[in-house]
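Architecture and fold: a report
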Amino acid sequence: MPAQPEVNPPALNAPASNETASNGHYPHLFAPLDLGFTTLRNRVLMGSMHTGLEDRASDFPKLAAYFRERAEGGAGLIVTGGFAPNVVGWLKPFGSKLSWPWEVRPHKFITKAAHDGGAKIALQLLHAGRYGYSPLQVAPSKLKAPINPFTPRALSSRGVERQISAYANSAKLARDAGYDGVEIMGSEGYFINEFTAPRTNKRNDAWGGTPGKRMRFAVETVRRVREAVGRDFIIVYRLSLLDLVEDGNQWDEIVAQAKAVEAAGATIINSGVGWHEARVPTIVTSVPRAAWVDATAKIKPHVALPVVATNRINMPDVAEGILASGKADMVSLARPLLADPHWPAKARAGQAQRINTCIACNQACLDHVFDNKSVSCLVNPRAGHETELAYKPVLSAKRVAVVGAGPAGLACATVAAERGHRVTLFDASNEIGGQFNYAKRVPGKEEFHETIRYFGNTLAETGVELKLGTLATPELLAEFDEVVVATGVNPRKVAFPGSDSSTKVVGYLDVLSGRVKVGAKAAIIGAGGIGFDVAEFLTVEDSPTLDKSRWMAEWGIDPDFSARGALLKPQPEPPAREVWLLQRTPGALGKKLGKTSGWVHRATLKAKKVKMLGGVEYLGIDETGLRIRVDGAEQTLPVDHVVVCAGQEPRRELFDQLAAAGKSAHLIGGADVAAELDAKRAIAQGSRLAARL
Ligand code: FAD
Ligand code: NAP
Ligand code: SF4
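Okay, so let's go over this structure. (Residues numbered from 1 in each chain as written. Chains lettered and ligands numbered in written order. Predicted model: local features only at pLDDT ≥ 70, side-chain atom pairs only at ≥ 80, totals over all residues. Heavy atoms only, no water.)

1. What to know about the sheet that holds strand E14 (residues 422-426)
- An order of E15-E14-E13-E16-E27 is seen for the five strands of this open sheet, with the pairing classed as parallel. Here the strands that pair on one side only, and so sit at the sheet edges, are strand E15 (465-467) and strand E27 (666-667).
- Against the sheet, helix H20 (residues 653-660) touches strand E13 (399-403), strand E16 (482-485) and E27, its axis set at about 145° to E16. (Pairing = 2+ DSSP bridges. Helix = DSSP H or I, 4+ residues; strand = E, 2+ residues; numbered from the N terminus. Contact = heavy atoms within 4.5 Å. Axes fitted to C-alpha atoms, helices over the stretch in contact; angles between N-to-C directions.)

The structure is reproduced here in structure tokens:
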């Protein structure tokens, strides 16, 4: 092993007693972290997220505004989205890369913005390896990834050396651009991880064949990067603690890798969990909060470096608990800082209840990445749009009525009031939240409570007058300068023999609200998002998301993390009911579900033995059950109940009455267009309208 660079040992778990610490709120979270040559102001690392703004230098001013807001919001160390060290490491053709001196200058916008906001910033070096969506991709061995159509070229020994030089060169350029450090991406199944795991490294030369040779690429990369950047530069190494794939690394190999990258000059070890091709969910909303922290805790005694816990840490009490228990030295918040850039500042001020919490839906962030769209956030449409969507104070306040306190109306009312309008919000129901009050009852969707809590507090804070239990009428709205109709949807009814007369036929609202107790056998008509949610509600007795060990057993995760890839045989709990999920469209069900979460829903229902049928014709319902025809063959499903989840229609009575009375109104959310409506569109539409009023 080559001579080690000298890096002063960091002072971990420093007491929160100086002026940079909070006023007693979350003292471990706001304790500075002394890295020897530099100090981070707190323990919040903003985890790397690809926003889509990294790919073109012309977007860097937008990226700088995005980071400026997060730095001003209090993040300690920001890690950028991934930048490839060369073209063969591209995530996609002409994607983000830092390999030439002339690529440095635009980065200075970014580093300045972060520093102006008081944060440190590190550039993530991400070589995509066989995950690169490009014919140029390279890998340790010629093995196609199951999630990529391209097959990589296996590198020669000289080719391997060239990749290491590329990392060192990029890191040096990052330093020139003003970054405080780099994060070397060694997890999630990307290039470095492909070298370390027997699954993807079939080499028999100096770079594969034994555990020591498999990790050599990671260690040499850290060593050469350290040589290139000098002693006083942060090197975060993202270590794959759990590969969650067959033939992944084993725990002793991961420990050896941690020790070796420490010796090679890393400053911080960040946790990586699960390859992109893993069939175990790692970040979606049904993953328990802080599900993976015990893996970080298990590596910590083996190194003297600060270690970072990651994934599903979305509220300050969770973060503080992790740090206070000594399981990690920092916490990584990625999506939570998309949802609320001021998360750290609010926590530090003891205002956790004001945090707009990430509900881990992936709908506007990760799903956008996989759809090649720029990233935003379902609960915060300004994320990634900071320069274009501004909530500017108004010059003259208007009286604004918003009807409907679902996501669209809540977003519209709070943004309009924040800008200075006098806003009254009406809802016929006795609670705010609209359909989110049903969504939050679905097992694994408990986070939806947080959005309702956030909006409740923001209504009070911005001075919105709230009139619950009030069915708005045109007369009630006559005096307002602006009227916004956000009355949502009505569930669509179905029409076939027996559908309107049988007591067996019920709606999803009856089921999710608990008004109807569904029998032991049920059929669900409609396999959209709500049909899938209702199937989970009916088959899962109580939510495993709330109990980490039950959840891990369901997905076959070794609680001790010692099995290869940390995988054991999944042990799903038996279904609470026998359920059929049906749709008229032929083919597989759930095709329109989110790219990064749909597979989790499908796998969950499969494990609960839900029978999913496409191409169904509904013939009728009687005492014997639901009669259907599939592929020309008739059958009767012997069910106690048929739950209708057949989509939604706009609820427009009020809007039509206003139009008839000659009063103009704005129409948003489900009341505007119900087809393919989701909360992302509802909140964005409400916020964008309020920004213009
Ligand atoms: P709604 O939420 O329907 O709110 C309309 C409100 O208007 C209601 O509170 C109603 O009481 C009120 N109202 C109606 N008429 C009047 C009147 N005349 N006077 C006063 N008040 C009135 N979306 C996602 O993006 N992701 C998900 O994971 C997701 N899961 C879901 C799970 C379930 C079980 C359900 C039911 C929905 C889910 N959705 C999800 C959909 C999402 O909840 C809706 O897209 C969103 O709620 C639509 O918002 P909205 O404000 O337009 O309407
Ligand atoms: P949806 O996604 O439009 O699905 C409706 C389902 O009903 C389809 O499977 C459709 O399939 C069926 N259907 C439509 N008309 C029918 C009819 N006349 N008779 C019988 N079946 C009929 O709507 P949804 O499930 O009600 O969801 C509403 C919105 O909430 C969605 O747009 C979704 O975005 C959102 N949501 C999202 C999530 C999420 O996890 N992201 C979860 C829940 C809800 P066939 O036409 O093939 O029969
Ligand atoms: Fe979190 Fe959903 Fe926003 Fe992504 S879109 S940051 S998962 S709330």
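Don't stop here, the text continues.
2. Description of the sheet that holds strand E4 (residues 77-83)
- The eight strands lie next to each other as E3-E4-E5-E8-E9-E10-E11-E12, forming a closed barrel whose pairing is parallel. Across the sheet, the mean angle from the axis of one strand to that of its neighbour is 30°, orientation sign disregarded.
- Its contacts with the sheet place helix H6 (residues 216-229) against strand E8 (181-186) and strand E9 (234-242), and it is angled at close to 170° to E9.

3. Points about the nonpolar core
- Core analysis: the largest hydrophobic core is formed by 157 residues, its most contacted members being Val182 and Trp292.
- Sorting elements by how many residues they give to this core places helix H13 (residues 407-418) first, with eight residues.
- The residues that make up this core include at least three from each of domain 1 (18-370) and domain 2 (399-490 + 649-692).
- With residues up to four places along the chain from it excluded, the contact list for tryptophan 292 reads Leu242, Leu244, Val273, Val280, Pro281, Thr282, Val287, Thr310, Asn311, Trp551, Met552 and Ile557.
- By size, the runner-up hydrophobic cluster in this structure holds 21 residues, among which are Val442, Ile524, Val534 and Val610. (Core = buried A, V, L, I, M, F, W, Y, C linked by side-chain atoms within 4.5 Å. Buried < 20%, exposed > 50% of the residue type's maximum accessible area, 1.4 Å probe, protein only. Domains from an automatic or database assignment.)

4. Describing the site of ligand 2
- By nearness alone, 22 residues border ligand 2, and Ala527, Ile530, Arg584, Thr585 and Leu677 come closest of all.
- At a separation of 3.2 Å, a nitrogen atom of ligand 2 approaches a polar side-chain atom of arginine 492.
- Isoleucine 530 has a polar backbone atom sitting 2.9 Å from an oxygen atom of ligand 2.
- Contact with the protein chains removes 76% of the 900 Å² of surface that ligand 2 exposes when unbound.
- Here the residues of the shell around ligand 2 sort into eight nonpolar, eight polar and six charged.
- Residue contributions to the shell around ligand 2 reach at least three from each of two domains, namely domain 2 (399-490 + 649-692) and domain 3 (493-541 + 576-646). (Near = heavy atom within 4 Å. Polar contact = N/O pair within 3.5 Å; in protein donor to acceptor, adjacent residues only side chain to side chain. Areas by Shrake-Rupley, 256 points an atom, 1.4 Å probe, with all protein chains shown as cover. Nonpolar A, V, L, I, M, F, W, Y, C, P; charged D, E, K, R; others polar.)

5. Looking at the pairing of E4
- Among the seven residues in E4, seven count as buried, and that is most of the element.
- Of the pairings in the sheet, the one linking E4 to strand E5 (residues 120-125) comprises five bridges and is parallel in character. In the sheet register, glycine 82 faces E5, and the bridge partner there is glutamine 124.
- In this region the chain leaves E4, passes through helix H2 (residues 107-116) and returns to the parallel neighbour E5; the handedness of that crossover is right-handed. (Right-handed = clockwise from strand over helix to strand, strands pointing away.)

Interpretation note: all reported values are geometric properties and have no functional meaning in isolation.
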